[in-house]
Amino acid sequence: MSIVGGILKEEQERLEAQLRKYEGKLLSLPNASIKKRENYLYHLRRQGKKVLTEYIGELSSEKAKKALEQDVERKKYKQRKKITLLELKEVRRLIGKQAF
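Attention here is on the structure that accompanies the text. (Residues numbered from 1 in each chain as written. Predicted model: local features only at pLDDT ≥ 70, side-chain atom pairs only at ≥ 80, totals over all residues. Heavy atoms only, no water.)

## Details of the overall build of the protein
Step number 1: Counting its secondary structure elements, the protein contains two helices and three strands.
Step number 2: What you see in the protein, going N to C, is helices and strands ordered as α-β-β-β-α.
Step number 3: Taken over C-alpha atoms, the radius of gyration comes to 19 Å for the protein, far larger than the 13 Å a tight globule of 100 residues would show.
Step number 4: A principal-axis box enclosing the C-alpha atoms of the protein has dimensions of 60 × 30 × 20 Å.
Step number 5: In the protein, of all internal contacts separated by at least 6 residues, the share reaching a separation of at least 24 is 51%.
Step number 6: Total accessible area on the protein is roughly 7,700 Å²; 53% of this is exposed by carbon and sulfur atoms.
Step number 7: Across the protein, the mean location of the 26 positive side-chain charges is 6 Å away from that of the 14 negative side-chain charges. (Helix = DSSP H or I, 4+ residues; strand = E, 2+ residues; numbered from the N terminus. Rg over C-alpha atoms; globule rule 2.2 N^0.38 Å. Contact = heavy atoms within 4.5 Å. Areas by Shrake-Rupley, 256 points an atom, 1.4 Å probe, with all protein chains shown as cover. Lys, Arg positive; Asp, Glu negative; His and termini not counted. Charge placed at Lys NZ, Arg CZ, Asp CG, Glu CD.)

## Some details on the pairing of strand E3 (residues 50-58)
Step number 1: Taken together, the eight bridges between strand E2 (residues 40-47) and E3 define a ladder with antiparallel strand orientation. Pairing of Leu 41 across the sheet is with Gly 57, part of E3.
Step number 2: Where E2 folds back onto E3 in an antiparallel hairpin, the turn is made up of two residues, including Gly 48, whose phi is positive at roughly 70°. (Pairing = 2+ DSSP bridges.)

## Digging into unusual backbone geometry
Step number 1: Of note, Glu 38 is a non-glycine position whose phi angle comes to about 55°, a positive value.
Step number 2: By the element assignment, Glu 38 lies in the loop between strand E1 (33-37) and E2.

## Description of the sheet that holds E1
Step number 1: If you walk across this open sheet you meet the three strands as E1-E2-E3, and the pairing is antiparallel. This sheet does not close on itself; its edge strands, each paired only once, are E1 and E3. The mean angle between the axes of side-by-side strands here comes to 30°, regardless of whether they run parallel or antiparallel. (Axes fitted to C-alpha atoms, helices over the stretch in contact; angles between N-to-C directions.)

## Focus: a positive patch on the surface
Step number 1: Residues Lys 21, Lys 25, Lys 76 and Arg 80 make up a contiguous surface patch of positive charge.
Step number 2: Contributing elements (two or more residues each) for the positive patch: helix H1 (3-28) and helix H2 (62-98).
Step number 3: Topologically, Arg 80 is positioned in helix H2. (Patch = residues over 30% accessible without salt bridge, like charges linked within 9 Å, V, L, I, M, F, W, Y side chains within 5 Å. Salt bridge = Lys/Arg side-chain N within 4 Å of Asp/Glu carboxyl O.)

## A word on H1
Step number 1: The terminal C-alpha atoms of H1 lie 38 Å apart, and with 26 residues this matches the ideal 38 Å at 1.5 Å per residue to within 8%.
Step number 2: All of the buried residues in H1 are Gly 5, Leu 8, Gln 12, Leu 15, Leu 19, Tyr 22 and Leu 26. (Expected span 1.5 Å × (residues − 1). Buried < 20%, exposed > 50% of the residue type's maximum accessible area, 1.4 Å probe, protein only.)

## Focus: the pairing of E1
Walk down a regular strand and you will see the side chains alternate between the two sheet faces.
Step number 1: Strand direction decides the pairing type here: E1 and E2, joined by five bridges, are antiparallel. Looking at the pairing, Arg 37 lines up with Tyr 40 of E2.
Step number 2: Between E1 and E2, which follow one another and run antiparallel, lie two residues, and Glu 38 among them has a positive phi close to 55°.

## A short note on empty space enclosed by the protein
Step number 1: Taken as a whole and judged by the stated rule, the model has one cavity of 30 Å³ or more.
Step number 2: Estimated volume of the largest cavity: approximately 30 Å³.
Step number 3: Surrounding the largest cavity, Pro 30, Ala 32, Ile 34, His 43, Ala 67, Gln 70, Asp 71 and Arg 74 form its lining.
Step number 4: A total of four residues in the lining of the largest cavity trace back to one element, the largest contributor, which is H2.
Step number 5: Its residues placed into classes, the lining of the largest cavity shows four nonpolar, two polar and two charged. (1 Å grid on protein atoms, 1.4 Å probe; cavity = no way out; pocket = protein on both sides within 12 Å on 5 of 7 lines; lining within 4 Å. Points joined across faces, edges and corners; volume = space filled by probe spheres on them. Nonpolar A, V, L, I, M, F, W, Y, C, P; charged D, E, K, R; others polar.)

Okay, structure coming up:
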């Protein structure tokens, strides 16, 4: 295997580990969107074809503040996961070209 092939293989392993880390973080966070209505906060999530709404609390409550923080964190990790998947796809494509 060439030096470049070895570097690409290491990068693939690093990206796969990073992807597992992001997926683990996403599993620990609620898989629901946040909806604000007047002074209240709700979780919205799908269950099959139904959209379920779960009351969180008033915007000023600690539970609502924590839910907002988790929503920001969830969006951040979803974006990072998306970028990592694109990078991993590119590395795998380059590794495939190295085989020839």
